[in-house]
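# Understanding the architecture of this molecule
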Amino acid sequence: MSALVTRLAGGATKLHDPVSARLADEFLTVPLGTVSRCVADVRACAEHLGIDATPEVVERVAREHLLALVNSAPPPRSPR
């Protein structure tokens, strides 16, 4: 089940999945599509493994994945 994204007037975006919306508010530098895809992937993986994919579990695991994504980005290059 993927999250739906709606573009509002003025470029604002509303995520219909509450887990994706909370994580998108927390990870402002990560594109919304990446956040919603991460949440959907975590949910699918949990269900595939037979784990009860509660919103709390999905949010916790997706947050860890997003933190790894943000922390693995190389630092900005300084001008020479």
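Structure shown above.
Just so you know, these numbers come straight off a predicted model, no measurement behind them.

Here we take up the side chain of D17. Along the chain, the position of D17 falls in the loop between β2 (13–15) and α1 (18–26). Residue D17 is classed as buried on the basis of its relative accessible area of 11%. Within polar-contact distance, the side chain of D17 engages the side chain of S20 at 3.1 Å.

Turning to the nonpolar core, a few remarks are in order. Ranked by size, the top nonpolar core spans 14 residues in total, and within it L23, V35, V39, V58, A62 and L66 carry the most contacts. For this core, the secondary structure elements donating two or more residues are α1, α2 (32–48) and α3 (55–71). Top contributing element to this core by residue count: α2, with five residues. The residues contacting L23, other than those within four sequence positions of it, are V35, V39, E59, A62, R63 and L66.

Bringing the pattern of salt bridges into the picture now. Working definition: two side chains of opposite charge can pair if their charged atoms are close together. Going through the model one piece at a time under the given rule, you end up with four salt bridges. Salt-bridge contacts for E59 lead to R22; the nearest nitrogen and oxygen are separated by 2.8 Å. One end of the pair, E59, is in helix α3; the other, R22, is in helix α1, and 37 residues separate them in sequence. A relative accessible area of 12% means that E59 is categorised as buried. For R22, a relative accessible area of 40% translates into the label partly exposed. Measuring nitrogen to oxygen at the nearest pair gives 3.0 Å for the salt bridge that ties R63 to E26.

The rules behind these values
Residues numbered from 1 in each chain as written. Predicted model: local features only at pLDDT ≥ 70, side-chain atom pairs only at ≥ 80, totals over all residues. Heavy atoms only, no water. Helix = DSSP H or I, 4+ residues; strand = E, 2+ residues; numbered from the N terminus. Buried < 20%, exposed > 50% of the residue type's maximum accessible area, 1.4 Å probe, protein only. Polar contact = N/O pair within 3.5 Å; in protein donor to acceptor, adjacent residues only side chain to side chain. Core = buried A, V, L, I, M, F, W, Y, C linked by side-chain atoms within 4.5 Å. Contact = heavy atoms within 4.5 Å. Salt bridge = Lys/Arg side-chain N within 4 Å of Asp/Glu carboxyl O.

Purely geometric stuff here, so don't read any function into it on its own.
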